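Residue-level structure breakdown
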Amino acid sequence: MKDHIGIVVNNKKINELYNVISVQIENANLGTPGQFYELKVKYSQRMRIPISIYNITDNVVEFMVKIVGDGTKELTQLKEKDTIMALGPLGNPFTPPQADQNCLILSGGVGYAPFYYFKKHYPKANITWFHGGANRNEVFEADRIFTNDGSIGIKGFVTADLHEYLQNNKVDRILTCGPRIMMKNIANIALPFVKDIECSLEEYMACGIGVCYGCAVKVKTAKGLVYKTVCKDGAIFQGSEVIWDE
Amino acid sequence: MKDHIGIVVNNKKINELYNVISVQIENANLGTPGQFYELKVKYSQRMRIPISIYNITDNVVEFMVKIVGDGTKELTQLKEKDTIMALGPLGNPFTPPQADQNCLILSGGVGYAPFYYFKKHYPKANITWFHGGANRNEVFEADRIFTNDGSIGIKGFVTADLHEYLQNNKVDRILTCGPRIMMKNIANIALPFVKDIECSLEEYMACGIGVCYGCAVKVKTAKGLVYKTVCKDGAIFQGSEVIWDE
Amino acid sequence: MNRLATKLGKINFNNPITVASGTFGLECANFYNINKLGAIVTKTITPEEKIGNPTPRIYETECGLLNSIGLQNPGIDEFLKYHVKEYKNFSAPLLVSFSASTIDEFAEMLIKLEKIDYIKGYEVNVSCPNVENEGLAFGIDAKIVYELTKRLSKLTEKELIIKLSPNVTDIVSIAKAAEEGGASSVALINTLLGMAIDWKTGKSMIKRGVAGYSGTAVKPVALQMVYKVYQALSIPILAMGGIQNYKDCLEFIYAGASMLSIGTAQFCDPCLPIKIINDLHNHFTQNNINISDIKGKVWGID
Amino acid sequence: MNRLATKLGKINFNNPITVASGTFGLECANFYNINKLGAIVTKTITPEEKIGNPTPRIYETECGLLNSIGLQNPGIDEFLKYHVKEYKNFSAPLLVSFSASTIDEFAEMLIKLEKIDYIKGYEVNVSCPNVENEGLAFGIDAKIVYELTKRLSKLTEKELIIKLSPNVTDIVSIAKAAEEGGASSVALINTLLGMAIDWKTGKSMIKRGVAGYSGTAVKPVALQMVYKVYQALSIPILAMGGIQNYKDCLEFIYAGASMLSIGTAQFCDPCLPIKIINDLHNHFTQNNINISDIKGKVWGID
Ligand SMILES: Cc1cc2nc3c(=O)[nH]c(=O)nc-3n(C[C@H](O)[C@H](O)[C@H](O)COP(=O)(O)OP(=O)(O)OC[C@H]3O[C@@H](n4cnc5c(N)ncnc54)[C@H](O)[C@@H]3O)c2cc1C
Ligand SMILES: Cc1cc2nc3c(=O)[nH]c(=O)nc-3n(C[C@H](O)[C@H](O)[C@H](O)COP(=O)(O)OP(=O)(O)OC[C@H]3O[C@@H](n4cnc5c(N)ncnc54)[C@H](O)[C@@H]3O)c2cc1C
Ligand SMILES: Cc1cc2nc3c(=O)[nH]c(=O)nc-3n(C[C@H](O)[C@H](O)[C@H](O)COP(=O)(O)O)c2cc1C
Ligand SMILES: Cc1cc2nc3c(=O)[nH]c(=O)nc-3n(C[C@H](O)[C@H](O)[C@H](O)COP(=O)(O)O)c2cc1C
Ligand code: FES
Ligand code: FES
């Protein structure tokens, strides 16, 4: 974990909303799936923007960025050779899959990002991947595709046939990342079937390193309800421990 | 007076400190020597920067800009075809010279700017021009040149031989623009010889149009001491009316 | 239907956008049709002429503006004799801002102003930080604000707006005092106190040292105060502090504002008030709402 | 000669740069050698564990940060049992920040903390805006600040810093109360109060509504308060509020600061405190000055 000076080697527009930005970062190969960097465009006044590792090859980290506001927009405007501060890798990775485990990935929108690297990093894992998005711009390669507007794949949320699927298939673990409401629904639907649901949560961040308690998420523990930090204790939490209705 | 959308047609570096920026502005030909524009780089958060008219040709205004801080630096980074908001022309012009008047111009540093257009605008006027600057970067074409470091022209302030000059030459009007301390010294030295000393003053500005009273300068009037505004009542004031030691 | 229609205590306005006292003058008529404003607010007038503070009076910080004008103005008599007439032929309602050092002086000023029928209301400035013993001393003491408002409210039937200082421990108690005294609305915020120093030389950027701080930087502070005052009072709020665009206006309306003043941001763009009116109109039309649909309706607070 | 040497009331520091309470943790040791700091200030500790406020707790505005952490901390007993040890092996002087709801509680906490010899001083937080009836109620009342300080100053020989709230009508009177009560220094400012609302939906960006406002935007306010307090007091000032670079530090030193805390700006750059120390060192060397040459020496004020 260090505040690296990253060098942009490529910035590719995938569609109106998404870019994939490739950044050369010292020791980046140490990053594991589920971890993220806090990026900062040099000379920009803004605080940092947490972005998941989407892929790593030869110390070049790829970030999949969805434009939602000024900060993400700035990221997509970076050009080759621009420098960018990259603090990380931060947070904890998803638990590595075991050989005999059936993993079900459920991703929504830009929640797709961390699983691309997960799948690449664990080539032998048994993975089934459902992905959902609002429309065709929010959809990427997966085993089953959902869109809210039905423009591609199955019309509906990524949870549309989850209950049925879990009734008919053996799933040992669920890994999920996406809007909070999606992950909450997944936890509600899936917990009767699957104990181990790893959710990658989002919260506004300030420090990114666990000192400010800004990125809090309420979880059940042996000691009662406490706030843990997404940046240091997370971003991965068990679906069963998160207090979803906070 | 309007908030025009100017289009940069040229931005020429003269030396490390100075640029001349040419901006095409609607109806710019109406501007007269001594007036200024409040410039604003589009999408910059900063307030406006008052810059004198350095030259006008065919509705293209040239501005001579000295880099002293972030705002002037931004101006020098403008590229051809960039747009820039230009509020003006603002303020009052220097009084037009009469046919038989001997005008002495005394400028310091970037205070050179308004007189270039003055001289061009009144080709028949009898003008003698002394210009002074800290070093050779601050010096431009004039009848007599002074530098503080002696790197070019006469070593010393622009006022170095003023007293002597006024003793030996008939001067009907002085026009001056430069650091306040320079203009103060000029007023002190020259008032015994010349009543009519037009000084172009500088003050921090906010509105630029006379509504906020931010750019105040203390002057003697029949009613006593009052604050007038540089942007609307000025920028030209008589050396005899300004309270220099405020 | 005019979606932008709004009102303070006693006046209806065509739209909620006006200009902050001291940041606007009739020179702005060179840039747009002033009658398109919801209202016009004058620079603060005092009982006697004020020549204002020494210079420098203005300094721009990273994200705000420091000013130390010192209420430069010709005094009420000169104002009534020469200047007020210039406002006569505008159809936008005229609100006159005034300030004084004692309750009696405030009352005398109001009596003089009452004679002008085209003045539609008053913004009573009890909060200017740039003059000593004038305005601010009032604005920080709930009891005095109550006494002052009680006195003034008996002297007029017109809109009586008390403009509050943010430089207080508890703005709600002072706003309440104004309400209890009979104010028909409150305006907030005046400038915060601020300072800037040249790091190279140690020189104060403003001759008086401490100045009034306005602009983008103060918006979160203003919003918080508007929100709290709206929760506690039943008279309407004229809100200001760092408004730069129609989005900022919407934030303030959600917090509880009935009307909004544009101040410092005009120095970047003199036409801004009109642009904001247009943008608000478009936003309300597109979303099929009017001000009362969202006023004070901030949610998600625990 | 160490040009950066400075002191508060009782401790000498190698340099004037420390970290603002709540914005620093030992995690920062991953980024730089913490012993290079002039001092270490802990996150505020309270008598009992606090789980903190609901989320969202953080929101970045145009030029500042809103936070509503709610003093999340394990409580003093847990702190003394597990956490304080982690600070033992650092040579940078350790200052512990603490807060409570009654004078008795403050005193009890101090008595417990006194047992740890490597704690070199205390930053008494009477000014946190994000908890009800804790801290802030104290910080706005000069009489209570005086009583509290008097009580605490009798219980310790160590550095006793009272950290003041900017959300008051007159910070000087409160700073004076701390001085009269026996504080060896004062720290200012804690966060302003601020708010932000999503203009599209009307949702508060912070779950608790009103939050603490810090960062660049608050610097002019902080500077003004440091200046005024320096003029009125004789004990030293630990200054903070929007410091982003060594130039900002120089502004505060000219205004009267003896020492400086870096807060929000660390979130942009975790190594910032060290960079600032280096930059200050270079500036002082190049100009052949030390802190006392410029402390409080702002000029050009009329
Ligand atoms: C651990 C982690 C990993 C992430 N990985 C990725 C990634 O791989 N790719 C990617 O594109 N994005 C990712 N994000 C989200 C990304 O950080 C935010 O979209 C970004 O910070 C928004 O900044 P902005 O300035 O563009 O938008 P803003 O203008 O700040 O906000 C735009 C909108 O997004 C919402 N928003 C902004 N930040 C957050 C936040 N932190 N939590 C919840 N809502 C927010 C706001 O409410 C607003 O509606 C991740 C977030 C976290 C916490
Ligand atoms: C009527 C008028 C005409 C002018 N004409 C020209 C011109 O033709 N060419 C040109 O280059 N400049 C001109 N100036 C000066 C120019 O406006 C300032 O240099 C500019 O605003 C500085 O902005 P900045 O952001 O670069 O510097 P800042 O970072 O704001 O300041 C840098 C330094 O300049 C000083 N400074 C900045 N603005 C002013 C000011 N308004 N008055 C006094 N000191 C100031 C500051 O104290 C500081 O030391 C004119 C000013 C006025 C009032
Ligand atoms: C240059 C300037 C002059 C001001 N003069 C006055 C004044 O005369 N009377 C008054 O009540 N407020 C005055 N104010 C305060 C504004 O009316 C307003 O309350 C404050 O600036 C906050 O709004 P803003 O951030 O949009 O500017 C002045 C503000 C500025 C910047
Ligand atoms: C996230 C965050 C948490 C904070 N927590 C505390 C705290 O626990 N105790 C305290 O006294 N101040 C706390 N503060 C206030 C800071 O210590 C500091 O006084 C304030 O932020 C101003 O400085 P800055 O603008 O440099 O951040 C906190 C500030 C922030 C931003
Ligand atoms: S962002 Fe500071 S603790 Fe997570
Ligand atoms: S800058 Fe506003 S009056 Fe001159």
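Conventions used here
Residues numbered from 1 in each chain as written. Chains lettered and ligands numbered in written order. Predicted model: local features only at pLDDT ≥ 70, side-chain atom pairs only at ≥ 80, totals over all residues. Heavy atoms only, no water. Contact = heavy atoms within 4.5 Å. Buried area = accessible area lost by both parts, 1.4 Å probe. Salt bridge = Lys/Arg side-chain N within 4 Å of Asp/Glu carboxyl O. Polar contact = N/O pair within 3.5 Å; in protein donor to acceptor, adjacent residues only side chain to side chain. Helix = DSSP H or I, 4+ residues; strand = E, 2+ residues; numbered from the N terminus. Buried < 20%, exposed > 50% of the residue type's maximum accessible area, 1.4 Å probe, protein only. Pairing = 2+ DSSP bridges. Right-handed = clockwise from strand over helix to strand, strands pointing away. Near = heavy atom within 4 Å. Areas by Shrake-Rupley, 256 points an atom, 1.4 Å probe, with all protein chains shown as cover. Nonpolar A, V, L, I, M, F, W, Y, C, P; charged D, E, K, R; others polar. Least-squares fit on C-alpha atoms with pLDDT ≥ 70 in both. Axes fitted to C-alpha atoms, helices over the stretch in contact; angles between N-to-C directions. Arc of directions from axis to C-beta. Domains from an automatic or database assignment. Parallel < 35°, antiparallel > 145°, perpendicular 65-115°, else oblique. Left-handed = near helix turned anticlockwise from the far one by under 90°.

Considerations on the interface of chain D and chain C
- If you look at the interface, chain D gives 52 residues, while chain C gives 52 residues.
- Summed over both partners, the interface of chain D with chain C buries about 4200 Å², with 67% contributed by carbon and sulfur atoms.
- The tally of links between chain D and chain C comes to two salt bridges.
- We note a salt bridge from Glu62 of chain D to Lys219 of chain C, for which the minimum N-O separation is 3.3 Å.
- Seen at the junction of chain D and chain C, the total is 19 residue pairs in polar contact (both at pLDDT 80 or more).
- Mapped by element, the contributors of at least two residues to the side of chain D that touches chain C are strand S11 (192-194), helix H6 (219-232) and helix H7 (246-255) of chain D.

A closer look at the pairing of strand S9 (residues 126-133) of chain A
Residues and elements named next belong to chain A.
- The element S9 is extensively covered by neighbouring structure, given that six of its eight residues are classed as buried.
- With seven bridges connecting them, strand S8 (residues 102-108) and S9 associate as parallel partners. Bridging from a neighbouring strand, Leu104 pairs with Thr128 of S9.
- Remark: the S8/helix H2 (residues 113-121)/S9 crossover connection has right-handed handedness.
- Two strands pair when backbone bridges link them, and S9 and strand S10 (residues 144-147) are joined in this way by four bridges, in the parallel orientation. Across the sheet, His131 pairs through a bridge with Ile145, a residue of S10.

Things to note about the site of ligand 3
Residue and element names in this part refer to chain C.
- Taken together, 22 residues lie near ligand 3, and Ser21, Thr44, Lys163, Gly242 and Thr264 sit nearest.
- Side-chain polar atom of Asn125 to an oxygen atom of ligand 3: 3.0 Å apart, as the coordinates give it.
- Backbone polar atom of Gly215 to an oxygen atom of ligand 3: 2.8 Å apart, as the coordinates give it.
- The protein chains hide 98% of the 610 Å² of surface that ligand 3 would expose on its own.
- Here the residues of the shell around ligand 3 are counted per class, giving six nonpolar, 14 polar and two charged.

Concerning the interface of chain A and chain D
- Facing the 28 residues of chain A at the interface are 29 residues of chain D.
- Taking both sides of the interface into account, the surface hidden between chain A and chain D amounts to around 2500 Å²; carbon and sulfur atoms contribute 60%.
- Sorting the residues of chain A by area buried against chain D places Met47, Tyr213 and Tyr227 of chain A first, and these three jointly supply 25% of that buried surface.
- In this structure, the connection of chain A to chain D is made through two salt bridges.
- Where Glu49 of chain D meets Lys223 of chain A, a salt bridge forms, and the shortest distance between an N and an O atom there is 3.9 Å.
- At the junction of chain A with chain D, the criterion picks out five residue pairs in polar contact (both at pLDDT 80 or more).
- Within the residue set of the side of chain A that touches chain D, elements represented by two or more residues are strand S1 (2-13), strand S14 (216-221) and strand S15 (224-229) of chain A.
- Element by element, the count of residues in the side of chain A that touches chain D is highest for S15 of chain A, at three residues.
- Considering only residue class, the side of chain A that touches chain D consists of 15 nonpolar, three polar and ten charged.

Observations concerning unusual backbone geometry
- Cis peptide bonds are those with omega within 30 degrees of zero, and the linkage from Leu188 of chain C to Ile189 of chain C qualifies with 10°.
- Looking at where Ile189 of chain C falls in the secondary structure, it is placed in the loop between strand S10 (185-188) and strand S11 (192-194).
- One non-glycine residue, Asp58 of chain A, lies in positive phi territory at about 50°.
- Structurally, Asp58 of chain A is set in the loop between strand S5 (55-57) and strand S6 (60-66).
- On the basis of relative accessible area, Asp58 of chain A is assigned to the exposed category, the value being 65%.
- In this structure, Asn27 of chain B takes a positive phi of about 55° despite not being glycine.
- Looking at Asn27 of chain B, the relative accessible area reads 45%, which means it is partly exposed.

Considerations on the relation of the copies chain D and chain C
- For the pair chain D and chain C, the relating rotation is 180°, the translation along its axis is 0.0 Å, and the fit reaches an RMSD of 0.0 Å. Here the copies are linked by what is in effect a two-fold axis.
- Looking at chain D, 100% of its interface residues are interface residues in chain C too, so the copies touch through the same face.

Some remarks on the pattern of salt bridges
- In the structure shown here, the tally under the stated rule is 34 salt bridges over all chains.
- Two residues, Asp77 of chain D and Lys112 of chain D, come together in a salt bridge whose shortest N-O distance is 2.9 Å. Residue Asp77 of chain D is located in helix H1 (residues 76-83), and its partner Lys112 of chain D is located in helix H2 (residues 103-114); the two are separated by 35 residues in the primary sequence.
- Here Asp77 of chain D falls in the partly exposed class, since its relative accessible area comes to 46%.
- Look at Lys112 of chain D and you get partly exposed, because its relative accessible area is 31%.
- Overlapping salt bridges, with partners in common, bring together Glu62 of chain C together with Lys219, Asp248 and Glu251 of chain D in one network.

Overview of the sheet that holds strand S7 (residues 83-90) of chain A
All names here are of chain A.
- Read across the open sheet, the seven strands follow the order S4-S3-S7-S1-S2-S6-S5; overall the sheet is antiparallel. If you trace the sheet from one side to the other, it starts and ends with strand S4 (49-52) and S5, each paired once. Here the average twist between neighbouring strands, direction ignored, is 35°.
- Bridge count for strand S3 (residues 36-41) against S7 is five bridges, and the pairing is antiparallel.

Looking at helix H1 (residues 76-83) of chain C
All names here are of chain C.
- Among all positions in H1, only Ile76, Phe79 and Leu80 are buried. The arc that holds the buried residues of H1, viewed along the axis, is 95°, so those residues lie on one side.
- Among the structural elements, strand S7 (94-98) and helix H2 (103-114) are those in contact with the buried residues of H1.

Regarding the environment of Gln45 of chain B
- Within the secondary structure, Gln45 of chain B is located in the loop between strand S3 (36-41) and strand S4 (49-52).
- Under the relative-accessibility criterion, Gln45 of chain B is labelled exposed at 56%.
- Along the primary structure Gln45 of chain B and Gly69 of chain B are separated by 24 residues, whereas in three dimensions their C-alpha atoms are 15 Å apart.
- Look past the residues within four positions of Gln45 of chain B in its chain and what remains in contact with it is Glu60, Thr216, Gln244 and Cys268 of chain C.

As for the sheet that holds strand S5 (residues 58-60) of chain D
All names here are of chain D.
- Pairing is antiparallel in the open sheet, where four strands are placed in the order S5-S6-S12-S11. The sheet is open, and its two edges are formed by S5 and S11, each paired on a single side. In this sheet, adjacent strand axes meet at a mean angle of 35° when their direction is disregarded.
- Across three bridges, the pairing between S11 and strand S12 (residues 211-214) is antiparallel.

Comments concerning the domain arrangement of chain A
Residues and elements named next belong to chain A.
- By the assigned domains, chain A splits into domain 1 (2-90) and domain 2 (102-238).
- Computed over C-alpha atoms only, the centres of domain 1 and domain 2 are separated by 21 Å.
- Counting residues at the interface gives 22 residues for domain 1 and 21 residues for domain 2.
- When domain 1 packs against domain 2, close to 2000 Å² is buried across both sides, 62% of that on carbon and sulfur atoms.
- Our count for the domain 1 to domain 2 interface comes out at one salt bridge.

Notes on the site of ligand 4
Residue and element names in this part refer to chain D.
- Neighbouring residues of ligand 4: 22 residues in total, closest Ser21, Thr44, Lys163, Gly242 and Thr264.
- Side-chain polar atom of Lys163 to an oxygen atom of ligand 4: 2.8 Å apart, as the coordinates give it.
- Gly215 is positioned with one of its backbone polar atoms (N or O) 2.8 Å from an oxygen atom of ligand 4.
- Summarising the interface, the protein chains cover 98% of the accessible area of ligand 4, which totals 600 Å² for the free molecule.
- Considered class by class, the residues forming the shell around ligand 4 number six nonpolar, 14 polar and two charged.

Examining the packing of H2 of chain D against helix H4 (residues 142-153) of chain D
Residues and elements named next belong to chain D.
- Two elements in contact, H2 and H4, have axes whose closest approach is 10 Å; the angle formed by their N-to-C orientations is 30°. Classified by the interaxial angle, the pair formed by H2 and H4 is roughly parallel. For the pair H2 and H4, the crossing hand works out as right-handed. For the pair H2 and H4, the contacting residues are Ile103, Asp104, Phe106, Ala107 and Leu110 in the first and Ile144, Glu147, Leu148, Arg151 and Leu152 in the second.
- Here the contact of H2 with H4 is built from residues that sort into seven nonpolar, no polar and three charged.

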